[in-house]
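Structural overview for review
The residues making up each chain are set out below.
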Amino acid sequence: MSRIYNEIRGQRLAISKIETAQYDLSKERCDARKSVQADIRALFQNLPAGLRHLTHAFLAAEGNRYLLIDFDGPEGGIVNGARTRFTLIDICPSLAGLAAWDVARDEFLGEVNEFSFRDFTFWPDWMVYSNHPQKRKVWTDGVFHADVKSGYFGKILLPVSGPALAHPAFARLADYARSVIERKDANMEHLRAFDARFDAYDAQIEEIERKAEAFARTEGQDPEVLTAQNGELAGLIRTMDWTYDMADRPNRAYAEQERRIRSLLSALPVDDAVVLFVHNAGANWTKAPYYLQWHSEVKQMKVAA
């Protein structure tokens, strides 16, 4: 009875256990990140203004090379999204004057102009508050969004080579940057190792998701037929904002939509409801057990257990 529902529920519980492990791992990573940040903060003890001790023209000079360390990565998050990303950047000539170039990926990052290497508080309003086309062309990762003396900073730009190394303090920064590039810094390597562990957890979740979706779509009724027979329900599931209740002011319309989805799901045999939900909910198929918890067959299973 309700074989598909039980399988999907079991797969969702398996994912929950992995997510708990990811959360625990994220707390370990947080401590490792703090150790690296402390190492970097010590290098800046005589440079309270960071790289802005030097003039903009000096920082933006052709031939300078920098290492950008991003502690959160492009998918930064508290749990499984955080990764440590390293970008080696050359300041080189371009048609517009100077450009920032990603050495490893051989990609143009943006123009280097008067807005690069500047604190965001000095940007004009069109840079801070708008999506002006010119803003998208400018390389601004040279900006320091947080004081390096603080307990937390998400990104840090370090010199690797170029004229800035004539300053002893900047030479120390470059020594550290090279140790990171050559993978000789123990604390950074410890932090970097968390990425592979998170990736392994992500791979496990993706495999479970593939198996669960394949099971629901092959072991029950044809999902396309169920979708055609239950057009209203399928449409509501496809258009649902699954995060509406996480907002500061939840949208009442989505609450009504959730209630309607629950009502229509309850009118179907539970396994058909699962197949229909998984087929139309996309990445949110894991919410199926939650939406079906008051289904009559599910309540009977709970009583029998």
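This text goes with the structure placed above it.
Bear in mind that the values here come from a model prediction, so they are computed numbers and not experimental data.

Our focus in this paragraph is the overall build of the protein chain. Looking only at helices and strands, one finds 12 helices and five strands in the protein chain. The burial tally for the protein chain puts 43% of its 305 residues in the buried class. The long-range share in the protein chain, meaning contacts at least 24 apart out of those at least 6 apart in sequence, stands at 65%. Accessible surface for the protein chain amounts to roughly 16,100 Å². Of this, 52% is attributable to carbon and sulfur atoms.

The subject of this paragraph is the packing of helix 1 (residues 3-43) against helix 5 (residues 168-181). When two helices pack together, their arrangement is given by the angle between the helix axes and the distance between those axes. For the pair helix 1 and helix 5, interaxial distance at closest approach is 9 Å and the crossing angle is 155 degrees. As far as their axial angle goes, helix 5 and helix 1 are roughly antiparallel. Where helix 1 approaches helix 5, its residues Val 36, Ile 40 and Leu 43 are matched on the opposing element by Arg 172, Leu 173 and Tyr 176. Residue composition of the contact of helix 1 with helix 5, grouped by class: five nonpolar, no polar and one charged.

Most of strand 1 (residues 65-70) is tucked away: five of the six residues are buried. When strand 1 meets strand 2 (residues 85-94), the two strands line up antiparallel, connected through six bridges. Looking across to strand 2, one finds that Tyr 66 is bridged to Ile 89. Bridging between strand 1 and strand 5 (residues 155-161) involves six bridges; their strand directions are antiparallel. Among the inter-strand pairings, Ile 69 is bridged to a residue of strand 5, identified as Ile 156.

Bringing helix 10 (residues 270-281) into the picture now. With 12 residues, helix 10 should reach 16 Å at 1.5 Å per residue; the first-to-last C-alpha distance of 16 Å fits that figure. Burial within helix 10 is extensive, with 11 of its 12 residues counted as buried. Note on helix 10: the residue one or two positions beyond its end, Gly 282, has a positive phi of about 60 degrees.

Spatially, 4-3-2-1-5 is the arrangement adopted by the five strands of the open sheet, whose pairing is antiparallel. Edge positions in the sheet fall to strand 4 (107-111) and strand 5, since each has one partner strand and no second. Averaged over all neighbouring strand pairs, the angle between strand axes comes to 30 degrees, with direction disregarded.

Rules and cut-offs
- Per chain, residues are indexed from 1 in the order of the written sequence.
- Where totals are concerned, whole chains, interfaces and linings use all residues; where local detail is concerned, this predicted model gives features only for residues with pLDDT of at least 70, and gives and counts side-chain atom pairs only at 80 or more.
- Computation of side-chain values: all heavy atoms of the structure, hydrogens and water removed.
- Where helices and strands are cited, they refer to DSSP runs of H or I of at least four residues and of E of at least two residues respectively, numbered from the N terminus.
- Partly exposed describes any residue whose relative accessible area lies between the buried limit of under 20% and the exposed limit of over 50%, with all areas from a 1.4 Å probe on protein chains only and scaled to the type maximum.
- Here, two residues are considered to be in contact whenever any of their heavy atoms come within 4.5 Å of each other.
- The Shrake-Rupley method, run with a 1.4 Å probe sphere, supplies the accessible areas, and residue values consider only the shown protein chains as cover.
- Note on method: axes are straight lines fitted to C-alpha atoms, helices fitted across the in-contact stretch only, with angles between N-to-C directions ranging 0 to 180 degrees.
- Here is the rule for angles: anything less than 35 degrees is roughly parallel, anything more than 145 is roughly antiparallel, 65 through 115 is roughly perpendicular, and the remaining ranges are oblique.
- Here the nonpolar group is Ala, Val, Leu, Ile, Met, Phe, Trp, Tyr, Cys and Pro; Asp, Glu, Lys and Arg are the charged ones; every other residue, Gly included, is treated as polar.
- Any two strands between which DSSP finds at least two bridges are classified as paired.
- Under the convention used throughout, the expected extent of a helix is 1.5 Å for every residue step, that is, one less than its residue count.

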